[in-house]
Amino acid sequence: MTCTSSECFKPLLVLSRSLVLYPERGTLTGHDLHIHFLSSGGVSYMAVCSCRLPVALAFCFLEDVRWEFSDRFDGTAVALATRPYPFLEFDSIIQKLKQHYNQSGGPSLGVTLAEVQDELRTSPPHIITLGDLPLSNGAANGHAEQGPATGSNQRLEPVSAPGILSLVLNIMCAALNLIRGVHLMEYTFQDDYDGIWNVVAFLLAFLCCVCQCQLYLFHSSLRKQKAFTLLSAIVICNGFLFGLRNVWQLTFHVSVACLSTALTLSRKLQDRTNDCGV
């Protein structure tokens, strides 16, 4: 499933609450993503797919999901379901099907692409636009502002071995900064406040190290600007702490910050052009 909060989460939520208004098979068309749904036996199956994915292949995926679900849960289990998310264990099956489709690009069970194509020609899916959705929770027609996907839901390339090393070193630097800052804070507040800015420098360096870890692990807008801002802050803090740290300690902290910045900027978004976008 490919879904961004800005493009399909609200329409998906509104659509899921109003499926009883539509036929058993349909498609909600969006700008870059389409939401396909299939209702059968009191259960509705939904998939958010790239608009470039053939409709027949999307419904093949839904038929496979329906086939697997029906094989594991009968109508009684569905009727007796009272708590939220009673079929969470089925998620592993969905993940396997997604992986199969994204790797092989075709059905995995009894249903065939030709059969689904014939069914769609005979009975085309009901087409829904964002404007057709009913009002829900103040969101007009379930329509959300369209725009580029936010960084929090874009996947980056897998973490590399140097990236793991960078994270470990960054966590070590953060811990050292926090320990020194808290230790110095105790003496500063007991004696005088002359060293308060040293405490601030240690704690700020600690926060910057934590933010560097977060920036490396998760994509964010203005990533380059944030990376250089954090690096500059760490360099300034360590320069301010010259005297409390020797040259080798300062070099270590600045080098770790530079390594983290370089790896953050070199880690690219995951290429999804080869999968089905399911």
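The model shown is predicted, which means the values in this text are computed figures rather than measured ones.

*Asks:* Lay out the sheet that holds strand S3 (residues 43-50) in plain terms, naming residues and giving numbers.
*Replies:* Taken together, the 4 strands give an open sheet; going across it, the order is S3-S2-S1-S4, and neighbouring strands pair in mixed fashion. Each of the sheet's edge strands pairs with one partner strand only, and the pair in question is S3 and strand S4 (126-128). When strand polarity is set aside, the average angle formed by the axes of neighbouring strands in this sheet is 20°. As paired strands, strand S1 (residues 25-29) and strand S2 (residues 33-40) are joined by 5 bridges and run antiparallel to one another.

*Asks:* How would you explain the nonpolar core if you had to name every residue and give the values?
*Replies:* Nonpolar side chains tend toward joint burial in soluble globular proteins. Ranked by internal contacts, the top residues of the largest apolar core, which has 22 residues, are Tyr45, Phe61, Leu62, Val65, Phe69, Phe90 and Val116. Within the residue set of this core, elements represented by two or more residues are S3, helix H2 (55-72), helix H4 (91-104) and helix H5 (113-122). Per-element accounting of this core gives the leading share, 9 residues, to H2. Among all residues touching phenylalanine 69, those that are not within four sequence positions of it are Val43, Tyr45, Val78, Phe87 and Phe90.

*Asks:* Describe in detail the packing of aromatic side chains, supporting the description with residues and values.
*Replies:* Counted under the stated rule, the structure contains 6 aromatic pairs. The interplanar angle of 75° and the centroid separation of 5.9 Å between the aromatic rings of tyrosine 45 and phenylalanine 69 together place this pair among those described as edge-to-face. In this pair, tyrosine 45 is assigned in strand S3 and phenylalanine 69 in helix H2, connecting sequence segments 24 residues apart. We classify tyrosine 45 as buried; its relative accessible area is 6%.

*Asks:* Give a description of the confidence of the model for the protein chain that names residues and reports values.
*Replies:* On average, residues of the protein chain score 79 in pLDDT, and 81% of them reach the 70 mark or higher. Ranking the elements of the protein chain by mean pLDDT puts helix H1 (residues 5-17) last with 72 and helix H9 (residues 247-266) first with 92. Across residues 1-5 the pLDDT falls below 50, and counting only partners more than four positions away or on other chains, this stretch makes 22 contacts in the model. Within the model, pLDDT remains below 50 along residues 272-278, and this stretch shows 25 contacts once partners closer than five positions in the same chain are excluded.

*Asks:* For the packing of helix H7 (residues 196-217) against H9, give the residues involved together with the corresponding values.
*Replies:* Relative orientation of the contacting elements H7 and H9 amounts to 20°, with a least axis distance of 9 Å. Judged on the interaxial angle alone, H9 and H7 are roughly parallel. The two elements H7 and H9 cross, and the hand of that crossing is left-handed. Seen from H7, the contacting residues are Gln212, Leu215 and Tyr216; seen from H9, they are Ala257, Ser260, Thr261, Leu263 and Thr264.

Criteria and cut-off values
Residues numbered from 1 in each chain as written. Predicted model: local features only at pLDDT ≥ 70, side-chain atom pairs only at ≥ 80, totals over all residues. Heavy atoms only, no water. Pairing = 2+ DSSP bridges. Helix = DSSP H or I, 4+ residues; strand = E, 2+ residues; numbered from the N terminus. Axes fitted to C-alpha atoms, helices over the stretch in contact; angles between N-to-C directions. Core = buried A, V, L, I, M, F, W, Y, C linked by side-chain atoms within 4.5 Å. Buried < 20%, exposed > 50% of the residue type's maximum accessible area, 1.4 Å probe, protein only. Contact = heavy atoms within 4.5 Å. Phe/Tyr/Trp six-rings, centres within 6.5 Å; stacked < 30°, edge-to-face > 60°. pLDDT = per-residue confidence, 0-100. Parallel < 35°, antiparallel > 145°, perpendicular 65-115°, else oblique. Left-handed = near helix turned anticlockwise from the far one by under 90°.

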